[in-house]
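Listed here are the chains, written in short residue letters.
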Amino acid sequence: MAMAAPGGGMNAFLTKYGEKEDLNQYWYSNHTIKVMVDEVVANATKACFLSTPSIYFSLPKKSEVRKQSWLFDLDDQWANLPNYFKYDYNFPEQIPKELHGTFDYIVIDPPFITEEVWEKYGEATKMLLSPNGKVLLTTIQENAPMLEKLLGVKPRQFAPSIPHLVYQYALYTNYESDPLAEVNPEIPSWD
Ligand SMILES: C[S@@+](CC[C@H](N)C(=O)[O-])C[C@H]1O[C@@H](n2cnc3c(N)ncnc32)[C@H](O)[C@@H]1O
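Below, the structure is looked at part by part. (Residues numbered from 1 in each chain as written. Predicted model: local features only at pLDDT ≥ 70, side-chain atom pairs only at ≥ 80, totals over all residues. Heavy atoms only, no water.)

### Focus: the site of the ligand
Then comes step 1: In the vicinity of the ligand, 20 residues are found, and the nearest of them are Q25, Y26, S54, D73 and D109.
Then comes step 2: Within the backbone of Y28, one N or O atom sits 3.0 Å away from an oxygen atom of the ligand.
Then comes step 3: Taking Y89, its main chain carries an N or O atom lying 3.1 Å from a nitrogen atom of the ligand.
Then comes step 4: Expressed as a share of its isolated accessible area of 600 Å², the protein-covered part of the ligand is 96%.
Then comes step 5: Of the residues contributing to the shell around the ligand, the split by class is 11 nonpolar, 5 polar and 4 charged. (Near = heavy atom within 4 Å. Polar contact = N/O pair within 3.5 Å; in protein donor to acceptor, adjacent residues only side chain to side chain. Areas by Shrake-Rupley, 256 points an atom, 1.4 Å probe, with all protein chains shown as cover. Nonpolar A, V, L, I, M, F, W, Y, C, P; charged D, E, K, R; others polar.)

This is the structure:
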């Protein structure tokens, strides 16, 4: 059961969509979604959400960034959306050419933590990102050296809460951010 954020209601995405085990779906918590959405809104004009549907769907409705942004995910329950692409990370070459280099922000949370999978997401990210674009991703802390080489990202103090996942993930960006330099009160022991 997802926890309501202090002073806030239940996130509509978490209320509506269950996690599908066969697709390794593990949603961020209500509070973590809020912090990540605020970060996207503060930094992006057009974002691509690679395997991160909870953040895409929690962008403020009718905001310009929501209108411009795209969801890339294998789960085609969202195939009726105009800005959905049925993305399988195994085939980055299938990403439509007209979207290459058009996003100034990319958010990533793959279904697996291995280097082989990250290389595929890295390939897609480099295709999609515009020059000087920003990247935010989540995975295990042990991936830090590999991800610094692959995408120039570093782990930040704010650690995401993913209530049904056994690992504690770290959150990485390729830029400095004051809100992400704060401890997440959901994970007080994180250091
Ligand atoms: C660990 S979950 C990340 C979800 C994220 N924490 C959120 O709250 O939005 C992995 C995501 O990858 C998607 N996925 C599973 N297999 C995939 C594949 N082969 N290619 C691309 N996405 C995939 C799932 O549908 C799911 O949204």
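Back to the write-up after that little detour.
### Overview of the sheet that holds strand 2 (residues 70–73)
Then comes step 1: Taking strand neighbours across the sheet as the criterion, the 7 strands line up as 3-2-1-4-5-7-6 in an open arrangement whose pairing is mixed. Only two strands of the sheet have a single partner each, and these edge strands are strand 3 (84–86) and strand 6 (154–155).
Then comes step 2: The pairing of strand 6 with strand 7 (residues 169–173) spans 2 bridges and is classified as antiparallel. Counterpart to P155 in the pairing with strand 7 is Y172. (Pairing = 2+ DSSP bridges. Helix = DSSP H or I, 4+ residues; strand = E, 2+ residues; numbered from the N terminus.)

### Re the packing of aromatic side chains
Then comes step 1: In this structure the tally under the stated criterion is 19 aromatic pairs.
Then comes step 2: Note on Y56 and F57: the rings are 5.0 Å apart at their centroids and 80° apart in plane angle, and the pair reads as edge-to-face. Each member of the pair, Y56 as well as F57, carries the same accessibility label: buried.
Then comes step 3: Here the aromatic rings of Y89 and F112 are separated by 6.5 Å at their centres, their planes lie at 75°, and the arrangement is edge-to-face. Of the two residues, Y89 is situated in the loop between strand 3 and strand 4 (103–108) and F112 in the loop between strand 4 and helix 5 (115–128); the sequence distance between them amounts to 23 residues.
Then comes step 4: Among the aromatic side chains, those forming a connected cluster through ring pairs are W70, F72, F85, Y87, Y89, F103, F112, W118 and Y121. (Phe/Tyr/Trp six-rings, centres within 6.5 Å; stacked < 30°, edge-to-face > 60°. Buried < 20%, exposed > 50% of the residue type's maximum accessible area, 1.4 Å probe, protein only.)

### What to know about unusual backbone geometry
It is generally the case that most residues other than glycine have a negative phi and that most peptide bonds are trans.
Then comes step 1: The phi dihedral of K62 falls on the positive side, at around 70°, and the residue is not glycine.
Then comes step 2: Position of K62 relative to the elements: it lies in the loop between helix 3 (53–58) and helix 4 (64–68).
Then comes step 3: Looking at K62, the relative accessible area reads 75%, which means it is exposed.
Then comes step 4: Of note, the phi angle at N132 is positive, near 65°, even though the residue is not glycine.
Then comes step 5: Following the sequence through the fold, N132 ends up in strand 5 (residues 129–140).

### Quick look at the packing of helix 5 against helix 6 (residues 144–151)
Then comes step 1: The interhelical angle for the contact between helix 5 and helix 6, taken along N-to-C directions, is 25°, at an axis separation of 10 Å. Relative to helix 6, helix 5 is oriented roughly parallel. Of the two elements, helix 5 crosses helix 6, and the hand of that crossing is right-handed. Every residue of helix 6 that contacts helix 5 at E115, W118, E119, G122, T125 and K126 is listed here: M146, L147, L150 and L151. (Axes fitted to C-alpha atoms, helices over the stretch in contact; angles between N-to-C directions. Parallel < 35°, antiparallel > 145°, perpendicular 65-115°, else oblique. Left-handed = near helix turned anticlockwise from the far one by under 90°. Contact = heavy atoms within 4.5 Å.)

By themselves, these are just geometric observations and shouldn't be taken as functional.
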